[in-house]
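# Residue-level structural notes
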Amino acid sequence: MKLQKLTPLLLACLLGFGAELQAQSVTKVEEKVKLPDIPGYQTLKCDFHMHTVFSDGHVWPSFRLYEADRDGLDAISITEHIDYEGYPDEIKKDYNKSHQIATESAAKTNVLVIQGVEISPRVTPYHHNALFVKDANKLPADYMKDGKKKFVMKDNPTEKQLLAPFREAKKQGAFIFYNHPNYRWWDKDKYGLDLFSDLHRKMLAEGLLHGVEVVNSGIYNLEAHRMAEKYNLTMLANSDEHRDISYTYRHSHRPMTLVFAKERSEEGIREALQARRTAVYFDDYLVGREPELDAFFKASLVIKAERSTQRNVEPVIRIRIQNNSDIPYEVTCQSDYDFENLPLGRVMLKPHETTTLTLKTLWQEVQEVPLRFEVQNVLVSPEKALTSELRVKVSE
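Residues numbered from 1 in each chain as written. Predicted model: local features only at pLDDT ≥ 70, side-chain atom pairs only at ≥ 80, totals over all residues. Heavy atoms only, no water.

### Section: the overall build of the protein
Looking only at helices and strands, the protein has 10 helices and 23 strands in total. Put simply, the protein has 396 residues, and 54% of those count as buried. Long-range contacts, defined here as pairs at least 24 residues apart, represent 70% of the contacts in the protein between residues at least 6 apart. Element-wise, carbon and sulfur atoms account for 49% of the exposed surface of the protein, whose accessible area totals about 18200 Å². (Helix = DSSP H or I, 4+ residues; strand = E, 2+ residues; numbered from the N terminus. Buried < 20%, exposed > 50% of the residue type's maximum accessible area, 1.4 Å probe, protein only. Contact = heavy atoms within 4.5 Å. Areas by Shrake-Rupley, 256 points an atom, 1.4 Å probe, with all protein chains shown as cover.)

Shown next as structure tokens:
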């Protein structure tokens, strides 16, 4: 066997080995994302879409666990393509193997590893991930002509062939979501731009489709967000990483699916995904449904209101808003009273800092202050920011 053919695989192995050594010396606390739980649920940070050398990635599965542990994730899924082998001469075809290696590595961390695969035809219904599969090798890819180092589909795959892996995934109890719906560059001239096709509607009716990636690789997909609303799909955000993730997100954090789970377990995550209790977290944005996002925003804040005096004993109230999350909230704040020096009520609630606002024109006795927020970087629909209201008791 020629040495140059082994080079990419050897590099991946060295990355995995290096990760084990590096994990012993890196201080991880500063890199972990701090987010609040919401009443009744734990907020789990998850990434359900990534690859290794066992399909078209460039790192070893143990390296994915090192990254996830370093980044403070609660759960990941390594979702190898069932229809593509990047190193068929070096790695024996086994779509369960990367999950097995990752699970062994996970024993040294607190990261949960959920078995998943990517089903990736380049015609409708396009790419999807299936989570919680039990045996990835049982998912057929009969729509393929050649998947060894290249991706060649049969000329006219049948609907039965295209849906066969989804139906097998359903038999295994999988949760299936639509990946990056606008990635259709490979066939848009031939098949058009119908993101949610008749075949997707058939999948929805058969229980073969449960969610959609609203963010993939850090890119917000407006069409996918609208799709989630229209078809009542679970919203997800994932990295779809193929290489070392630290460089890609060196100025931010990786995209995450926030799962609001009753318990920190695989079954807890499954139940939350099926109940659509998720939020999408990328850059400084949150995207999701109003109940969870309103609870999350309120759980991020500790607000106190105190009576005070200033200038000629004019009574005022000092509002101190402490943001205990890593998310900088861009808000417009309103009340029944006037804010001092706060044009249009705009303010940034910086992470882990306390912001002080002053309410004036308060000659009457005030026992409680209503605060109404519009949070510009928290989206409850593609065209609507979160609005949230709090009533804060005033202390002396």
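### Structural notes on the nonpolar core
By size, the foremost hydrophobic cluster in this structure holds 50 residues, and its most contacted members are I319, Y329 and F373. The element contributing the most residues to this core is strand β22 (residues 368-381), with 6 residues. Counting 40 residues, the second largest nonpolar core, distinct from the first, contains Y126, L139, Y143 and Y178. (Core = buried A, V, L, I, M, F, W, Y, C linked by side-chain atoms within 4.5 Å.)

### Concerning the environment of H253
Within the fold, H253 resides in the loop between α8 (245-248) and β13 (256-261). Look at H253 and you get buried, because its relative accessible area is 13%. Placed 182 residues apart in sequence, H253 and D71 show a C-alpha to C-alpha distance of 8.1 Å. Among the polar contacts made by the side chain of H253, one reaches the main-chain carbonyl oxygen of D283 at a distance of 2.6 Å. (Polar contact = N/O pair within 3.5 Å; in protein donor to acceptor, adjacent residues only side chain to side chain.)

### Overview of the pairing of strand β9 (residues 175-178)
Residues in a regular strand project their side chains so that they alternate between the two faces of the sheet. Taking every second residue as pointing to the same face, both faces of β9 are buried, with F175 and F177 on one and I176 and Y178 on the other. Sheet analysis places strand β6 (residues 128-131) next to β9, joined by 4 bridges and oriented antiparallel. Looking at β9, one finds that H128 is bridged to Y178. Pairing between β9 and strand β10 (residues 211-216): 2 bridges, direction parallel. Bridge pairing links F177 to G211 in β10. (Pairing = 2+ DSSP bridges.)

### Some words on the pattern of salt bridges
Applying the stated criterion across every chain, the model contains 21 salt bridges. Residue R264 is joined to D74 by a salt bridge in which the shortest nitrogen-to-oxygen separation is 3.0 Å. A residue pair is termed long-range when its members are at least 10 positions apart, and R264 in the loop between β13 and α9 (266-274) and D74 in the loop between α2 (61-70) and β2 (75-76) qualify at 190 residues. Assessed through its relative accessible area of 32%, R264 is described here as partly exposed. A salt bridge links E389 to R391, with the shortest nitrogen-to-oxygen separation between them at 3.7 Å. For E389, a relative accessible area of 41% translates into the label partly exposed. (Salt bridge = Lys/Arg side-chain N within 4 Å of Asp/Glu carboxyl O.)

### Observations concerning the packing of α2 against helix α3 (residues 97-106)
Relative orientation of the contacting elements α2 and α3 amounts to 45°, with a least axis distance of 8 Å. In terms of orientation, α2 lies oblique with respect to α3. The interaxial crossing formed by α2 with α3 has right-handed handedness. Residues P61, S62 and L65 of α2 touch α3, and the partners they reach there are S98, I101, A102, S105 and A106. Per-class residue counts for the contact of α2 with α3 are 5 nonpolar, 3 polar and no charged. (Axes fitted to C-alpha atoms, helices over the stretch in contact; angles between N-to-C directions. Parallel < 35°, antiparallel > 145°, perpendicular 65-115°, else oblique. Left-handed = near helix turned anticlockwise from the far one by under 90°. Nonpolar A, V, L, I, M, F, W, Y, C, P; charged D, E, K, R; others polar.)

### Details of the side chain of E241
Turning to its location among the elements, E241 is positioned in the loop between β12 (234-238) and α8. Within the structure, the side chain of E241 is placed 3.5 Å from the side chain of T248, a separation counted as a polar contact. Excluding anything up to four places from it in sequence, E241 contacts H49, M50, H51, R64, T248 and Y249.

### A word on the packing of aromatic side chains
The tally for this structure, following the rule as stated, stands at 9 aromatic pairs. Between F63 and Y66 the ring centres are 5.8 Å apart and the planes differ by 40°, which places this aromatic pair in the tilted class. Within this pair, F63 and its partner Y66 are both found in helix α2, separated by 3 residues, close to a single helical turn. We classify F63 as buried; its relative accessible area is 5%. What links up through ring pairs into an aromatic cluster is the set Y220, F282 and Y285. Above the ring of Y247, the side-chain terminus of R250 is found at 3.8 Å from the ring centroid. (Phe/Tyr/Trp six-rings, centres within 6.5 Å; stacked < 30°, edge-to-face > 60°. Lys NZ or Arg CZ within 6 Å of the ring centre and 35° of its normal.)

### What about the side chain of T234?
Tracing the chain through its elements places T234 in strand β12. Here the side chain of T234 touches L273 through a polar contact of 2.7 Å, landing on its backbone oxygen. Setting aside residues no more than four positions away along its own chain, T234 makes contact with F175, H210, G211, V212, L273, R276, T278 and R289.

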